[in-house]
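Understanding the architecture of this molecule
For reference, the chains in residue letters:
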Amino acid sequence: MMAWQVTFAGEGGDDYGGLFRESIREIAADLQSPATGLFVPVPNSRNATGFNRDTYLPNPACSSPLHMRHFRFIGKLMGSGMRTSNPLGLDLPPLFWKRFLGEEVSVRDLAGVDERWVRAIESVRTTSPASTWNALVASPVAAVV
């Protein structure tokens, strides 16, 4: 089942599902491109660390009413994809899907998005406060602050 008929300009072909599936792939690639700015690579991708480096998250800077309309439209595309068994192939990390489904998120899920942040939080959590502050005062970071 297809939600719409597809004809690519300048290309021949009848749409028996292949052109429709290709349009879904193209839409997902366009949505994740820097040109739209709606999705950004996860911090693990930017930092070249951890896993899920090839995934994206909604851009937190995209919060205007126009951006919200764009995200609602993406939700409609996702719903259409589910109804037609042609899911929109956005590369979203497990953390996103767990939040979407209302499931509990683990530290491993967070590390799958930003491993450096998780390591920093774990370091702060396991280090005694006195030694943390003493180390900070002696560090070059304190001179900048």
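Everything here concerns the structure above.
Remember, predicted model here, so these are calculated numbers, not experimental data.

1. Examining the pattern of salt bridges
- Per the stated rule, a full pass over the model turns up two salt bridges.
- A salt bridge links Arg119 to Glu115; the shortest N-O distance between them is 3.0 Å. On the criterion of helical spacing, the pair formed by Arg119 and Glu115 is a turn pair, its members being four residues apart in helix α6 (residues 115-126).
- Since its relative accessible area comes to 47%, Arg119 is described here as partly exposed.

2. Observations regarding the nonpolar core
- Ile24, Ala28, Leu31, Leu38, Phe39, Cys62, Ile74, Leu77, Met78, Leu88, Leu90 and Leu92 form the largest nonpolar core, which has twelve residues in total.
- Listing elements by their share of this core, those giving two or more residues are α1 (18-31) and α3 (65-83).

3. Topic: the packing of aromatic side chains
- Per the stated rule, a full pass over the model turns up four aromatic pairs.
- Between Phe39 and Phe71, the ring centres sit 5.9 Å apart and the planes meet at 85°, which makes this aromatic pair edge-to-face. Of the two residues, Phe39 is situated in strand β1 (residues 39-41) and Phe71 in helix α3; the sequence distance between them amounts to 32 residues.
- The interplanar angle of 90° and the centroid separation of 5.2 Å between the aromatic rings of Phe96 and Trp97 together place this pair among those described as edge-to-face.
- Pairwise contacts between aromatic rings join Phe96, Trp97 and Phe100 into one cluster.

4. Some remarks on unusual backbone geometry
- Backbone geometry at Ala48 places phi at a positive 50°, although glycine is not the residue there.
- With respect to the secondary-structure elements, Ala48 resides in the loop between α2 (43-47) and β2 (56-58).
- Residue class for Ala48 comes out exposed when judged on its relative accessible area of 53%.
- With a phi angle near 60°, Asn52 is a residue other than glycine that sits in the positive phi range.
- Residue placement: Asn52 occurs in the loop between α2 and β2.
- Residue classification places Asn52 among the partly exposed positions, given a relative accessible area of 22%.

Cut-offs and rules
- Residues numbered from 1 in each chain as written.
- Predicted model: local features only at pLDDT ≥ 70, side-chain atom pairs only at ≥ 80, totals over all residues.
- Heavy atoms only, no water.
- Salt bridge = Lys/Arg side-chain N within 4 Å of Asp/Glu carboxyl O.
- Helix = DSSP H or I, 4+ residues; strand = E, 2+ residues; numbered from the N terminus.
- Buried < 20%, exposed > 50% of the residue type's maximum accessible area, 1.4 Å probe, protein only.
- Core = buried A, V, L, I, M, F, W, Y, C linked by side-chain atoms within 4.5 Å.
- Phe/Tyr/Trp six-rings, centres within 6.5 Å; stacked < 30°, edge-to-face > 60°.

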